[in-house]
Amino acid sequence: TINELKRVLKKNGLLFVTMPFIWVEHEKPYDFRRFTSFGIKKFFSDNDFELVKYKKLVIGKLAYYQLLISELSRTLSDDNKFKLETSFKNLYYLIITLLFKVLIKFFLPKSTFKDMYINNCIIVKKK
């Protein structure tokens, strides 16, 4: 894919890419094998692209919260066996959200959320 992108993109042309990443970065800054922030930057650099802008989206506590809400939505979807009326779904969301906030506030160390993020957003320029 990268070779085709290089072929069709003009010199100094910009490429906007988003890549999912749902994990905590570790072995920083030497984790190049996965699409971590370091791996992505190295990948594009090795393929003759210049970094214009890079941003991690949905970081820290919000990343965990987003994953929780996503999983709750999947669990409570109409396709799933676990069905609730809409009013009970809202109550269920509220209870789980409050429990999660209490867990975050009082029981988990702040370092738990330090390096967690969900998506990468990058703009690179062809050299």
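Residues numbered from 1 in each chain as written. Predicted model: local features only at pLDDT ≥ 70, side-chain atom pairs only at ≥ 80, totals over all residues. Heavy atoms only, no water.

Peer 1: Explain helix α2 (residues 37-46) residue by residue, including any values.
Peer 2: Of the residues making up α2, those classed as buried are S37, G39, I40 and F44. Buried residues of α2, viewed axially, fall in a sector of 165°; they line one side. Remark: D48 follows α2 within two positions and exhibits a positive phi of approximately 65°. (Buried < 20%, exposed > 50% of the residue type's maximum accessible area, 1.4 Å probe, protein only. Helix = DSSP H or I, 4+ residues; strand = E, 2+ residues; numbered from the N terminus. Arc of directions from axis to C-beta.)

Peer 1: Kindly report on the pattern of salt bridges, identifying the contributing residues and their values.
Peer 2: Should their charged atoms come close, side chains of opposite charge can pair. In the structure shown here, the tally under the stated rule is two salt bridges. Between E4 and R7 there is a salt bridge, with the nearest N and O atoms lying 2.7 Å from each other. Placement of both E4 and R7 in helix α1 (residues 2-8) is noted, with a separation of three residues, approximately one turn of the helix. Looking at R7, the relative accessible area reads 60%, which means it is exposed. Note that D46 and K42 form a salt bridge whose closest N and O atoms lie 2.8 Å from each other. (Salt bridge = Lys/Arg side-chain N within 4 Å of Asp/Glu carboxyl O.)

Peer 1: Summarise the environment of I2; cite the residues concerned and give the values.
Peer 2: Mapped onto the fold, I2 is located in helix α1. For I2, a relative accessible area of 14% puts it in the buried group. Note: C-alpha distance between I2 and N47 (45 residues apart in sequence) is 7.6 Å. Leave out the neighbours within four places in its chain, and I2 touches F43, F44, N47 and F49. (Contact = heavy atoms within 4.5 Å.)

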